[in-house]
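Summary of structural features
For reference, the chains in residue letters:
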Amino acid sequence: KMNHKVFAVYDNALKCFLKPFFCKTEQEARRSLIIEARNPESSINQFPQDYHLYYLGEYDDQSAKFIQSDGIHDEGTALSLMNTDNANEEEPKTS
């Protein structure tokens, strides 16, 4: 049995959510948004401050049931997630 976490990205300019997607962890969802935000052909890349990642709940792949969270949780904008990711990158080691 596996519960998958359900996320959606909110477009602040259009005032709507994009299609939900499934990830194993919050970190995987954040990474997916960061990758999309770094893609030069993506609208998220052009306006990363307009896109917010939200955790919506879980999906049980055995029963096909959605388990809604106690409210949607804002994980941050694409811009803030990219900035956090850049700050967490290790400095290259020099000899």
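Quick caveat: nothing in here was measured; it's all calculated off a predicted structure. (Residues numbered from 1 in each chain as written. Predicted model: local features only at pLDDT ≥ 70, side-chain atom pairs only at ≥ 80, totals over all residues. Heavy atoms only, no water.)

**Let's talk about the overall build of the protein**
Inclusion rule: What counts as a helix is a DSSP run of H or I of at least four residues, what counts as a strand is a run of E of at least two, and both are numbered from the N terminus. When checking whether two residues touch, look at their non-hydrogen atoms; a contact exists if any pair is within 4.5 Å. Using a 1.4 Å probe, the Shrake-Rupley method yields the accessible areas, and only the shown protein chains count as cover for residues.
In terms of regular secondary structure, the protein is built from three helices and five strands. Overall, the protein shows an N-to-C arrangement of helices and strands of β-β-β-α-α-β-β-α. Contacts spanning at least 24 positions in sequence make up 54% of the contacts within the protein whose residues lie at least 6 apart. Carbon and sulfur atoms make up 50% of the accessible area of the protein, which amounts to about 6,600 Å² in all.

**Quick word on the pairing of strand β4 (residues 51-60)**
Using the following cut-off: Summary of the burial criterion: residues with accessible area below 20% of their type's maximum are buried, those above 50% are exposed, and those between are partly exposed, where the area comes from a 1.4 Å probe applied to protein chains only. Strand pairing is defined by DSSP finding a minimum of two bridges between the two strands.
Along β4, seven of the 10 residues are buried, which leaves the element largely enclosed by surrounding structure. Across nine bridges, the pairing between strand β1 (residues 3-11) and β4 is antiparallel. When the sheet's bridge partners are listed, A8 is paired in β4 with Y54. For β4 and strand β5 (residues 65-77), the ladder comprises eight bridges, and the chain directions are antiparallel. Counted as the bridge partner of H52 is T77 from β5. The hairpin formed by β4 and β5 contains four residues between the paired strands, and A64 there has a positive phi angle of roughly 65°.

**Quick look at the pattern of salt bridges**
Rules: Put simply, a salt bridge is a Lys or Arg side-chain nitrogen that is within 4 Å of an Asp or Glu carboxyl oxygen.
Counted according to the given criterion, the structure contains three salt bridges. K5 serves as the salt-bridge partner of E58, at 3.4 Å between the closest nitrogen and oxygen. One end of the pair, E58, is in strand β4; the other, K5, is in strand β1, with 53 residues separating them in the sequence. Using a relative accessible area of 22% as the deciding quantity, one classes E58 as partly exposed.

**Regarding the nonpolar core**
Nonpolar side chains in soluble globular proteins tend to end up buried together. How we decide: For this analysis, a nonpolar core means a set of buried residues of the types Ala, Val, Leu, Ile, Met, Phe, Trp, Tyr and Cys, connected via side-chain atoms within 4.5 Å.
In this structure, F7, L33, I44, L53 and A78 are the most contacted members of the largest nonpolar core, which totals 14 residues. Within the residue set of this core, elements represented by two or more residues are β1, α1 (26-38), β4 and α3 (78-88). At four residues, the largest contribution of residues to this core is made by α1. Leaving out residues up to four positions away in the same chain, I44 has contacts with L33, E36, A37, Y51 and A78.

**Topic: the packing of aromatic side chains**
What counts here: What counts as a ring pair is set by centres within 6.5 Å for rings of Phe, Tyr and Trp (its six-membered ring), and what kind of pair is set by the plane angle: stacked under 30 degrees, edge-to-face over 60, tilted for all other angles.
Evaluated as defined, the whole model comprises eight aromatic pairs. Between Y10 and Y54, the aromatic rings sit 6.4 Å apart at their centres with planes inclined by 85°, giving edge-to-face as the arrangement. Of this pair, Y10 sits in strand β1 while Y54 sits in strand β4; the two residues are 44 residues apart in sequence, bridging distant segments of the chain. Side by side, Y10 and Y54 carry an identical accessibility label, which is buried.

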